[in-house]
Every structure is written in structure tokens, then in C-alpha cells.
Amino acid sequence: MDQGSVHTPVADGDCVDCHEPHGGNNSFLLRYPPRIVGGMRVIAATCKACHEAGSPDWFDEFHANEAILDCVVCHNAHGSSEAYQLTRYVKEVYLKASLAEAADLHRRGKLDAAAKAYAKSLKLFPNDVAVVMLLAKVHTAQGEWGKARSGYEKILSIQPGHLEALIGSAGAARHLEGLGAELLFLKKAIEVKPDRADLHFRAGEIYQERNQLQEAIAEFSKAVRIDEDYAPARRRLVEVYESMGMSRDAEEERKILKGLSKE
Ligand code: HEC
Ligand code: HEC
Ligand code: HEC
């Protein structure tokens, strides 16, 4: 009775809706006889006494195979620690299987189907950061920027410094709002992880595009300080130095670039 989710008739003390109080022929003194299907006891009749005529959207993806899986495989009749009185089976077996199916679709590039399958797992465990991330990545690959962003936002509301979510948000913001918004997320990502050359490089590109050349130089320089062999950042430095008339600095970078291409 004191678990996270308790079935309403149990919480109300209506035990006799499902159990015979004195005696009967059915196991667990159940009021409605279980059926035996393939040697298995199926008690769905007990549940259908109240739920069969329920909402039309009740027969969703989880309930389509009702003929194979009994209700109490997934729901504890009385209560459990999970929402919907879900059992450990759902978390440990069913969820894993449906995530594996989603990952397989994702790998094979079937993005629409993969998004659907991840969304199904999320319905069960909406705050599972790993699953939210997988779905956001599918939305990113689909170019569904609004959906991708709300996934990354959700992760950031749970773990504010989540690096991948900040980088994902930056990409989504670029498409939804433009470079300024992207830069804000990039800066937050850099705060979390200052030694990622690629983040400084991208920030430099944005500054260069907005013609903030001093800032661009600062970011490209940070990138090559972290990774000396980062040729794209050196090429950008040559470009920016030249456009600013700083030909000696440009020449220096060019020399280093030549050295890199020889290696
Ligand atoms: C919604 C129907 C339903 C209600 C209401 C209900 N039960 Fe049950 N109960 C079941 C089912 C179904 C089983 C068989 C368990 C199974 O197969 O998973 C069961 C099994 C039991 C068992 C034996 C197995 C066990 O889980 O320990 C006890 C004892 C029990 N119920 C007590 C109660 C009491 C006390 C109440 C009221 C507070 C209650 N039940 C309310 C459906 C119900
Ligand atoms: C006596 C009527 C009755 C029976 C029998 C019954 N339920 Fe329920 N069930 C309810 C009521 C009432 C609610 C609450 C509905 C609501 O909140 O909208 C409920 C809610 C639920 C929920 C949703 C819980 C949630 O957190 O939203 C699940 C899952 C559920 N029942 C499963 C079962 C299963 C499985 C059985 C068979 C073991 C069963 N029910 C048998 C009356 C019943
Ligand atoms: C494969 C696992 C599985 C089986 C089997 C299963 N359920 Fe569910 N059920 C779920 C999941 C997951 C949810 C919550 C997500 C959702 O509503 O889609 C749920 C939700 C529900 C709800 C709440 C629906 C709502 O929208 O509030 C009810 C009621 C319910 N189940 C009853 C049953 C009954 C009765 C049976 C057997 C006839 C059954 N379930 C069999 C997994 C299952």
C-alpha cells in the first residue's frame, strides 16, 4: 500500500472487487476465473471487468499483443514502485527489448521507425536521459530541429551541464534561431569542457562569419593551442590574419601548415 503507485481499487480498500472474501474455486480467491492458455494462467478477465470498455486509445502499442502477454506480466494488480504499477518485467525485459529494436532501426537508418520506437520507451520512463538523448539524435538526423531541441532541453533540465546536450542544443539553435543562439550554447559547452578544440573552432567560425575578427582569432588560437595539428583552424587563422592585413602572422601560420602537410 505504501509503494509509489497503488492501484485505485486497492487504495480504496475494494479488495472484494477482485477477491472472494470467504472462499472459491479460483486461485488467489479471484472472483473471475483465470483462463489457462498454453498451460499458463491468464487472469486478464479480472482486469477486463473494469478496463475493457475503457478509452479507445487504451489499445496502444503496449496492449496490442494482449493475447500473448497477461496483464499482470506488466502490471502488478496491487501496486509497484513504477508508474502504472509496472512490474520489473517491463523495465528489465520489455524495455530492453524495445530499446534494442529501436537501436537496430536507428543503425539501419530507418529514422522514422526508430523515432517511434524510442518514443515508446520514453512513455514508460520519461526521465531516462540516455533514451531522451537517443531520440534527440534521431530528430537531429531527421532535421526535426524543434523536436530535437525539446529533447536536449529536457536533458538539460535534469542535468544542466550535460555536454552532449549543450552541443546538440547549439546545433538545433543554429537552425531555429541563427548563429547568436548557437554561440550562447557553444559558450556554455566550452565552460563545461574548455579543452575541446572543435568547440573553439566552431565558435571561431561564427565570429568570423559575423566579422568579429579579434574574437575569431582568439577562438582559432585556442583550438590550435589545444591541438597543434588542427589544420582547419590554422587555415582559418591565415584567412583572418590576411583579411586584417597582418601578413607576418599569416605567413607564420602558413609555414606551420606546410610542416603539417609534410607529416
Ligand atoms: C484489481 C484487482 C485486485 C484488487 C482490487 C485486489 N487484488 Fe489481490 N490479487 C489480485 C490478483 C490478480 C492476484 C494474483 C496475483 C498475480 O497473479 O499476479 C492477487 C493476489 C493477492 C494475494 C496473494 C498473492 C500476493 O500478491 O501476495 C493477496 C494476499 C491479495 N491479493 C490481497 C489483496 C488485498 C488485501 C486487497 C485489498 C487491499 C487486494 N488483494 C485487492 C487482484 C486484486
Ligand atoms: C474494480 C475495478 C477495477 C479492476 C477489476 C481493475 N482495475 Fe485497474 N483501475 C481501476 C480504477 C478505478 C483505476 C483508476 C482510473 C483512473 O484513475 O482513471 C484503475 C487504474 C489502472 C491503471 C492505471 C494506473 C495509473 O497509474 O494510471 C492500470 C495500469 C490498471 N488499472 C491495471 C489493472 C490491471 C492490470 C487489472 C487486473 C489485475 C485491473 N487494473 C483491474 C479499476 C479497476
Ligand atoms: C507489454 C506490457 C503490458 C501488458 C501485457 C499490459 N499493459 Fe497495460 N500498460 C502498459 C504500459 C507500458 C502502460 C503505460 C503506458 C501507456 O499507457 O501506453 C500501460 C497502461 C495501462 C493502463 C493505463 C492507461 C491509461 O492511459 O491511463 C491501463 C488501465 C492498463 N495498462 C491496463 C492493462 C490491462 C487490463 C492489461 C491486460 C488486458 C494490460 N494493461 C496489459 C503495459 C502493458
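Quick caveat: nothing in here was measured; it's all calculated off a predicted structure.

Asks: Which residues make up the coordination of the iron atom of ligand 1, and what are the values?
Replies: Around the iron atom of ligand 1, the protein contributes the donor atoms His19 (NE2) and His78 (NE2), at 1.9 to 2.0 Å from the metal centre. His19 sits in the partly exposed class, given a relative accessible area of 26%. Looking at His78, the relative accessible area reads 45%, which means it is partly exposed.

Asks: Quick one: what's the story with the side chain of Arg202, residue by residue and with numbers?
Replies: On the secondary structure map, Arg202 appears in helix 10 (residues 197-209). Among residues more than four places away in sequence, those in contact with Arg202 are Arg174, Leu179, Glu182 and Leu186.

Asks: Go over the pattern of salt bridges with me, naming the residues and quoting the values.
Replies: Opposite charge on two side chains allows them to pair when their charged atoms are near. Counted by the stated rule, this structure contains 15 salt bridges. One salt bridge in this structure joins Arg107 and Asp104, with 3.6 Å as the shortest N-O distance. On the criterion of helical spacing, the pair formed by Arg107 and Asp104 is a turn pair, its members being three residues apart in helix 4 (residues 88-107). Given the relative accessible area of 64%, Arg107 is considered exposed. For Asp104, a relative accessible area of 29% corresponds to the partly exposed category. Note that Arg196 is salt-bridged to Asp198, the shortest N-O span being 2.8 Å.

Asks: Run through the site of ligand 2, naming residues and quoting values.
Replies: Neighbouring residues of ligand 2: 15 residues in total, closest His7, Thr46, Cys47, Cys50 and His51. In this structure, a nitrogen atom belonging to ligand 2 sits 2.7 Å away from a side-chain N or O atom of His7. His51 places a polar side-chain atom, nitrogen or oxygen, 2.8 Å from a nitrogen atom of ligand 2. Broken down by secondary-structure element, the contributors of at least two residues to the shell around ligand 2 are helix 1 (8-11) and helix 2 (44-51). In terms of residue count, the dominant contributor to the shell around ligand 2 is helix 2 (four residues).

Conventions used here
Residues numbered from 1 in each chain as written. Chains lettered and ligands numbered in written order. Predicted model: local features only at pLDDT ≥ 70, side-chain atom pairs only at ≥ 80, totals over all residues. Heavy atoms only, no water. Donors = N, O, S within 2.8 Å, 3.2 Å for Na, K, Ca; no water. Buried < 20%, exposed > 50% of the residue type's maximum accessible area, 1.4 Å probe, protein only. Helix = DSSP H or I, 4+ residues; strand = E, 2+ residues; numbered from the N terminus. Contact = heavy atoms within 4.5 Å. Salt bridge = Lys/Arg side-chain N within 4 Å of Asp/Glu carboxyl O. Near = heavy atom within 4 Å. Polar contact = N/O pair within 3.5 Å; in protein donor to acceptor, adjacent residues only side chain to side chain.

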